[in-house]
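What follows is the residue order along each chain.
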Amino acid sequence: MKQIESPHITIRNLKKSFSNGKTKNEVLKGINLDIYPGQIIGYIGPNGAGKSTTVKILCGIIPDFEGEITMFGQDLKSNGLEIKKRIGYVPENGALYDLLTPNEYLTFIGTLYGLEAHSLEKRAKQLLSFFGMEEHADQRMDTFSKGMKQKTLIMSGIINDPDILFLDEPLSGLDANSVILVKEMLTQLASNGKTIFYCSHLMDIVEKISDRILLINDGNVIADGKFEELKTDQSATLEQLFAQLTGGQNSNSNADVLFKAFNEN
Amino acid sequence: MINFSLFFVRLFRKLIQLWGVDYPQFEALLRNKLVLDFRRNPSKHKSSKKKKNPFLSQLITFASIGGFIEFSLYSINDILLNFTILYSIIMVMLATTLINEFTAVLFDERDNDILLARPISHRTLLLARLMHIQFYVGYIALALSFISGIVLAFKYNVLIIIAYFLGVGLSAWITLLFTIFFYLALSKVIKGNKFKDFITYVQIFLAVVIFGGYQLVPQIIDTDAMKHIYMSVHWWTYLIPPAWVAGFVKFFTFTDTMNMAIFFTLALAVPFFGAIVVVRFLSKGFGNILGQSTADKNSLIETRSLKEKFSDHLNRLFCVTEMEKLGWKLTMKITRRDRKFKQSVYPMLGIIPVMAILMLKPDFRDFTGSIHKMGNSYRYLFFIFLGFFGTMSIMQLPFTDTPEASWIYKALPFNQHGHIISGAVKALLYKFFFPVYSLLTICTLLIWNIRIFPEMLLGGLLTIFMSLIMVTSQKTKLPFTQPREVQQKGGTMIMMFLGMFLMGAIIGLVYLSSLLPAWGILIISLFVMGMIVLTNRFIRSKKYMII
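For every chain, the first residue of the written sequence is number 1, and numbering continues from 1 along that sequence. For this description, chains carry letters from A and ligands carry numbers from 1, given in the order in which they are written. With the structure being a predicted model, the display of local features is reserved for residues of pLDDT at least 70 and the display and counting of side-chain atom pairs for 80 or more, all residues being used for whole-chain, interface and lining totals. Values shown for side chains rest on all heavy atoms present in the structure; no hydrogens or waters enter the calculation.

## Some points on the packing of helix 18 (residues 380–387) of chain B against helix 22 (residues 453–473) of chain B
All names here are of chain B. Orientation is described by lines fitted to C-alpha atoms, with helices fitted over the stretch in contact, and by angles between N-to-C directions that extend from 0 to 180 degrees. Only runs of H or I of at least four residues qualify as helices and only runs of E of at least two qualify as strands under DSSP, and these elements are numbered from the N terminus. Two elements in contact, helix 18 and helix 22, have axes separated by 9 Å at closest approach and are oriented at 25 degrees. By the angle between their axes, helix 18 is roughly parallel relative to helix 22. With respect to the hand of their crossing, helix 18 and helix 22 are arranged in right-handed fashion. Across from Y380, F383 and I384 in helix 18, the residues of helix 22 making contact are E455, M456, G459 and T463. Here the term charged refers only to Asp, Glu, Lys and Arg, the term nonpolar to Ala, Val, Leu, Ile, Met, Phe, Trp, Tyr, Cys and Pro, and the term polar to all other amino acids, Gly among them. Looking at the contact of helix 18 with helix 22 residue by residue, the classes come out as four nonpolar, two polar and one charged. Each angle receives one of four descriptions, namely roughly parallel if under 35 degrees, roughly antiparallel if over 145, roughly perpendicular if within 65 to 115, and oblique otherwise. Handedness of a crossing is defined here by the sense of rotation of the near helix relative to the far one, left-handed for an anticlockwise turn of less than a right angle and right-handed for a clockwise turn. We call two residues in contact when some of their heavy atoms are within 4.5 Å.

Listed below in structure tokens is the structure:
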């Protein structure tokens, strides 16, 4: 019934290629999508399929692309600034200023979103306590573990109360308890009408929490729908489906090649 | 210091907003950058308490250079000329520092993932970056002009001195605007990775020009004539930025008011409107450069790894063991691709022709005559000395941007670290010293004749021997394992002076050997060759600390 609402994101014929001298590398080859409020989208695909590129384009980090992207009814190319105010982004690879403390970092990011100092402080405190990070709030992050940095990144991604949240490998480095916390957070945000768009390689989690799974391979979306709709007789799990659709199903013969490599000589 | 600087910037709040910048975001970005810088630096200098803050010692150097400049200009009586030259020098020095040291800060792409997804306009981001750089450039400009200011105080009144320091601030800002304008215009013509390569070449070119300039300009300036030179104002004088600032200062002497009022207006209007043009209209180009660099990471760079180059095969000739060959190949490949390695090595090579002219001082009015005269002297020994610059790449060998990758040396079951080092050193000698020294030898054979070839051969072999000795005497680290920051602690400087000292000894030896007949020199050369082989063996067998 949510589908009747107007979509949060529409993507029409999105193409992106990176050129380097003579070689041209086409990463996205024409993607068309409509994404509605309240959906949790699991965006999966093999390494190098174009997942991060898609997310970076949607967040405005890569500004030039072919095709049309509309978010909240506004064109991304011409109204990027307005759109960015309403989205959140959790980058991969732990990109943050680790010489700051979580408190300082959240204040910095919040100020960039134009939040008032008072409400910002309150919100940062609540987020820190939700993630169990109060005691580390004023410690420099260069000594933090990967998981603690990741939590700070997630907090900074939602500090502006975004309507769309993009996450790139959000669960990397998190311990099992934190994974549960993040899963809870995502479901709750979605039930409040926010759109969640996340990339992951963890098939079992994608299978469980996504309303809709997008499988991208070689620059094209090759599967789109609920897991129940997508699964076939041969693929009882998302992992198997993934392997089947992206050409990894002959893994048995691959293993033979591997053994051969070691046994010759 | 951060709060003071931010307070100072806050005075211009209205102006900054006029440029189309979101002030609270701007201040947050600037504060963040300064905080990060301050946290990064002190920890470093805690670890080595003896060493001063590198930025501080840089400032002291700049201050003494600035003082020296004004002393040499002191005899100029024309105030406009004096200040035009002074501001020209300040601007050129600032531009060089900007291009060489702050380009990386301007186009820093490491925080792309943090910043570009936030609702920050290109204008705000660009101005924050510019101000961050201006913070340092301002200090450098102040250091450069500080002693000059004191010297000038003996000559002019207080009003002029105040105007002079204001002028320094304006010069710094004008230089910054022109530099960024140059970059943005350039980025429209040259795209992507090529843009970065091009900047590398500009940096190398500048390093050489500046080095040559330092040596040559004082020799050209004739101090006696300077006293009577007058700078008259032509239409094109209005096109020279340093003249604006000089005119801005002269305006306060209240002479020649008409012309000076024009300069005064230019000196204030250009920084203001220039900033509007750059921040308001060109900032989109800046955003595209940043976005491009994110994109570059995603593009695959095909390299001809399958078709190996000729030099990759040559290792069979020079390398004894498999591990040595590996060190050679690794070094060949990385030196070919690492932009920063090129940046630190190529200027050294560019210095060679400048040094050649400086040391030989040929008379350009009677070039053939002076070359002929040289043919009867011992000056070819200088060429042997110049070959030394070809070996300096070895000092850059340990440094890399990805020191983390050195875990392989610790974790892998392998202890032939010496072989990697000797292979790498051989590769560098082959790649940089060999062509440089061959070229130098050809030059000497043209000016002198084949008769000195044995001496050149001996000189080359001794230089190789010396650089190997320096490798063994130092706690040489494995190739490409040390972070680049360590480099700034002045170790390279000391090594360079030690090398130059040893080069003096080598030249003495070659001079002595020239008293022997040619076959005698060849026998000594054979002996040195043997020593080189032995030293290499020693490098290979030595145990190394892997840090």
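## Some words on the side chain of B:S283
Residues and elements named next belong to chain B. Structurally, the position occupied by S283 is in helix 13 (residues 283–298). Given a relative accessible area of 3%, S283 falls into the buried group. Two N or O atoms count as a polar contact when they lie within 3.5 Å, although within protein this holds only if one can serve as hydrogen donor and the other as acceptor, and sequence-adjacent residues are included solely when both atoms are side-chain atoms. At a separation of 2.8 Å, a polar atom in the side chain of S283 contacts the main-chain carbonyl oxygen of V279. Excluding its chain neighbours within four sequence positions, the residues that come into contact with S283 are H122, R123, L126 and V278. Whether a residue is buried, partly exposed or exposed follows from its accessible area with a 1.4 Å probe, protein chains only, as a fraction of its type maximum: under 20%, in between, or over 50%, in that order.

## So, the domain arrangement of chain B
Residues and elements named next belong to chain B. Segmentation into domains, and thus their bounds, comes from an automatic or database assignment. Domain parsing of chain B yields domain 1 (12–42 + 52–293) and domain 2 (307–541). Here domain 1 and domain 2 have C-alpha centroids that lie 38 Å from each other. The partner domain 2 presents eleven residues to the 13 residues of domain 1 that form the contact. As used here, buried area is the combined drop in accessible area, with a 1.4 Å probe, of two parts when they are placed together. Surface buried jointly by domain 1 and domain 2 totals about 1100 Å² across both partners, of which 73% is contributed by carbon and sulfur atoms.

## What to know about the environment of A:Y198
Residue and element names in this part refer to chain A. Residue placement: Y198 occurs in strand 8 (residues 195–199). For Y198 and G88, which are 110 residues apart along the polypeptide, the C-alpha to C-alpha distance reads 11 Å. In this structure Y198 touches I40, I41, G42, Y43, L167, P170, I205, V206, I209 and S210, once residues within four positions along its chain are discounted.

## As for the interface of chain A and chain B
Of the residues lining the interface, 31 residues belong to chain A; the matching set on chain B comes to 31 residues. Taking both partners together, chain A and chain B bury about 2900 Å²; carbon and sulfur atoms supply 62% of that area. We define a salt bridge as a contact between a side-chain nitrogen of Lys or Arg and a carboxyl oxygen of Asp or Glu at a distance within 4 Å. Connecting chain A to chain B are two salt bridges. At the junction of chain A and chain B, the tally comes to six residue pairs in polar contact (both at pLDDT 80 or more). Counting residues per element, the ones that place at least two in the side of chain A that touches chain B are strand 1 (9–20), strand 2 (23–35), helix 1 (51–59), helix 2 (80–85) and helix 3 (102–112) of chain A. By residue number, the principal contributor to the side of chain A that touches chain B is helix 3 of chain A, which donates six residues. Along the lines of polarity and charge, the residues of the side of chain A that touches chain B split into 18 nonpolar, eight polar and five charged.

## What to know about the pairing of strand 9 (residues 212–217) of chain A
Each regular strand displays side chains that alternate between the two surfaces of the sheet. Residues and elements named next belong to chain A. Judged by how many residues are buried, strand 9 sits mostly within the fold: five of six residues are covered. Here strand 3 (residues 40–44) runs beside strand 9; their pairing, made up of four bridges, is parallel. Within strand 9, the position partnered with I44 by the bridge is L215. Note on pairing: two strands pair once DSSP finds at least 2 bridges between them.

## Observations concerning a nonpolar patch on the surface
Without a salt bridge and with relative accessible area above 30%, a residue can belong to a patch; like charges are then joined within 9 Å and nonpolar side chains (Val, Leu, Ile, Met, Phe, Trp, Tyr) within 5 Å. Note on areas: Shrake-Rupley, 1.4 Å probe, and residue coverage restricted to the protein chains presented here. On the surface, a cluster of nonpolar side chains totalling about 570 Å² of accessible area is made up of B:F4, B:F7, B:F8, B:L11 and B:F12. According to the relative accessible area criterion, B:F4 is exposed, its value standing at 56%.

## Some details on helix 1 (residues 2–10) of chain B
Residue and element names in this part refer to chain B. Among all positions of helix 1, only I2, S5, L6 and V9 are buried. Within helix 1, the buried residues cover an arc of 95 degrees as seen down the axis, which keeps them to one side. Exposed residues pointing more than 90 degrees away from the buried face of helix 1 are listed as N3 and F4. By arc we mean the arc of the directions from the helix axis to the C-beta atoms, nothing more.

## Quick look at the pattern of salt bridges
Applying the stated criterion across every chain, the model contains 19 salt bridges over all chains. Through salt bridges with shared partners, a single ionic network connects A:R86, A:D161, A:D163 and A:K194.

## Quick word on unusual backbone geometry
Residues and elements named next belong to chain A. Positive phi is not limited to glycine here, since D161 has a value of about 50 degrees. Here the phi dihedral of D218 falls at roughly 55 degrees; this positive angle occurs in a residue that is not glycine. Relative to the helices and strands, D218 resides in the loop between strand 9 and strand 10 (220–225).

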